[in-house]
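Breakdown of the fold
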Amino acid sequence: MHRFKSTKWLITLTVVAALVVLGAANVFAAPKQKNIILATTTSTQDSGLLDKLIPLFEKQTGYFVKTISVGSGAAMKMGEKGEADVLLVHSPDAEKKLVDEGYGVNRRLVMHNDFIIVGPAADPAKIKGVKSSAEALKMIANANALFISRGDNSGTHAKEKTLWAKTGITPAKQKWYQETGAGMGHTLNVAAEKKGYTLTDRGTYLAIRKNLAALEILNEGDAALLNIYHVIEVNPVKWPKVNVAGSKAFADFMVSNNTQAIIKTFGVDKYGSPLFFPDAGKKVEDLGK
Amino acid sequence: MELIIQGIIKAFELLISFDPEVMSITWLSLKISGTATFISLFFGVSIGTAVALTNFPGKRLVISIINTGMGLPPVVVGLFVTILIWRNGPLGFLEILYTPYAMIVAQAIIATPIVMGISLASIQNLPPNLRLQILSLGASRMQMVWVLIKESKLPLLAAVMAGFGGVISEVGASIMVGGNIKGYSRVLTTATVMETGKGNFDIAIALGIILLILAFLVNLLLTHVQQRQHLR
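Heads up: these notes are all about the structure in this document. Just so it is clear, the structure is predicted and the values come from calculations on it, not from any experiment.

Here we come to the overall build of chain B. Broken down by element type, chain B carries eleven helices and zero strands. Starting at the N terminus, the α and β elements of chain B follow one another as α-α-α-α-α-α-α-α-α-α-α. C-alpha extents for chain B along the principal axes are approximately 65 × 50 × 25 Å. A burial count over chain B gives 48% of its 232 residues as buried. For chain B, contacts bridging at least 24 residues in sequence account for 75% of all contacts bridging at least 6. Accessible area of chain B: about 11,200 Å², with a carbon and sulfur share of 73%.

Written as structure tokens, this is what we have:
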């Protein structure tokens, strides 16, 4: 009797496992040519903007978008290796290089917001009220106040390095300078926990501010702090497997009037101010004026 | 502490309300890790048994490699699988990067050595005379192997639990080869990492608790099967 029962159990278990496998095979059958790989920054995902835009795009066009959110540096590396179809990134110097080298085409301005320097309310380096962001960083360095860096080659990290270059200070390996090697959300959490300063895009900061009681905006408004997002199509000439039509469709969607209108109001209901400013068709030089 | 309580409350809210997104993420985790464990069971038990029952030069070396594989770091597996299945990589024609299939492959690679190592040890642990006994009763070689596997059911089910536990809780490889795509390849572990990154600690804790409940239920079922055998 026991033997019979045990065999029955074994059969049941096998059948359940087999059903799971079969069910899995069915559900995973996503349409093939319809896939687009979008490599983008953590800020577009963590702010929730893509969660709003992508379903709309998918509904309009029937494409299936695989959003891979990594740092801008990694996103562009994926484009360079033909492992993504379209990029939405914010690291202008690196972007220009990518396009110049022929890996990306049709680079178009999508939107901007700005970077801000946040830090503990006590503000040990006394940077509050200082106009220039480079000056603020200099004061943080001079005060030996803890600064948390992304350290991940992202657009934010690239911007931070440009700002440090302006100050003439090499922060790497300094005791007060720590790198997380993680996304913006994680880095903000670390800064809040350790009461350090960090450079962040305003969108991510606003989106997760409710958990960051320890951090305040201490430096903002410097023209050097503009955070500009472009959409770039990966060059199909270099990589034949790139989904050309899908990539173009997504880029067109990002700069379309309808999408730009959504970007303009995104976040207003939740945070009281928009997280991004739509810029399609504008020139970079005119931003922030 | 308050945060953990909030997380627990959130977990129950999400569970009781059958939140569709959480339900689909949970179901996907179960499907992917279940399938991967199933695959690892096939390769793990067959190769493990074969190695245990045959004698060949270098056997100890092979066993050492299998035992090392039991501690295979998931991120390293994720990295290698990613490079292999990149669309311009050697297996790119499969077009499975950033799909649940890729996650199954990576997780099966992680679980297989675990299952293999435990089945190898459990078969080796049977009294050596048993084999001779079975053969002398007129059993064929295949019948003998089958009896041996049945004899070590108890540790083999432990192998299933260890393999499943290893992959359902794994995040490094899943996020790399799956991409954490919403509604498609987002599982409990990758969603937990993402929500933590967003600073939504209550949801992150809730997802963690759901993961624990899921692992507990699966192990409860397996333990039930295992201990039934034992009572015989």
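Once the structure has been displayed, the description carries forward.
This paragraph deals with helix α4 (residues 72-80) of chain A. All names here are of chain A. For α4, the set of buried residues is Ser72, Ala75, Met76, Met78 and Gly79. On an axial view of α4, the arc spanned by its buried residues comes to 150°, and they lie on one face. Two residues or fewer after α4 comes Gly82, characterised by a positive phi angle close to 70°.

Let us look at the pattern of salt bridges. Residue and element names in this part refer to chain A. A full pass over the atoms with the stated rule returns twelve salt bridges over all chains. Close ionic contact of Glu95 with Arg107 constitutes a salt bridge, the shortest N to O distance being 2.8 Å. With Glu95 in helix α5 (residues 92-100) and Arg107 in strand β4 (residues 104-120), this residue pair connects regions lying twelve residues apart in the sequence. By relative accessible area, which is 0% here, Glu95 ends up buried.

All right, on to the packing of aromatic side chains then. By the definition in use, this model includes twelve aromatic pairs over all chains. For the pair Phe250(A) and Phe253(A), a centre-to-centre distance of 6.3 Å together with 40° between the ring planes defines the contact as tilted. Of this pair, Phe250(A) and Phe253(A) both sit in helix α10 (residues 244-255), separated by three residues, roughly a single helical turn. We note that Phe250(A), like Phe253(A), is buried. On the basis of an interplanar angle of 80° and a centroid distance of 5.2 Å, the ring pair of Phe42(B) and Phe43(B) is categorised as edge-to-face. Classification of Phe43(B) as partly exposed rests on a relative accessible area of 40%. Joined through ring pairs, the aromatic side chains of Phe57(A), Tyr63(A), Phe250(A) and Phe253(A) make up one cluster. When the ring centre of Tyr63(A) is taken as origin, the NZ or CZ atom of Lys34(A), which lies over that ring, is 5.1 Å away. Seen from the ring of Tyr103(A), Lys238(A) lies directly overhead, with NZ or CZ sitting 4.7 Å from the centre.

Reading guide: rules and limits
Residues numbered from 1 in each chain as written. Chains lettered and ligands numbered in written order. Predicted model: local features only at pLDDT ≥ 70, side-chain atom pairs only at ≥ 80, totals over all residues. Heavy atoms only, no water. Helix = DSSP H or I, 4+ residues; strand = E, 2+ residues; numbered from the N terminus. Buried < 20%, exposed > 50% of the residue type's maximum accessible area, 1.4 Å probe, protein only. Contact = heavy atoms within 4.5 Å. Areas by Shrake-Rupley, 256 points an atom, 1.4 Å probe, with all protein chains shown as cover. Arc of directions from axis to C-beta. Salt bridge = Lys/Arg side-chain N within 4 Å of Asp/Glu carboxyl O. Phe/Tyr/Trp six-rings, centres within 6.5 Å; stacked < 30°, edge-to-face > 60°. Lys NZ or Arg CZ within 6 Å of the ring centre and 35° of its normal.

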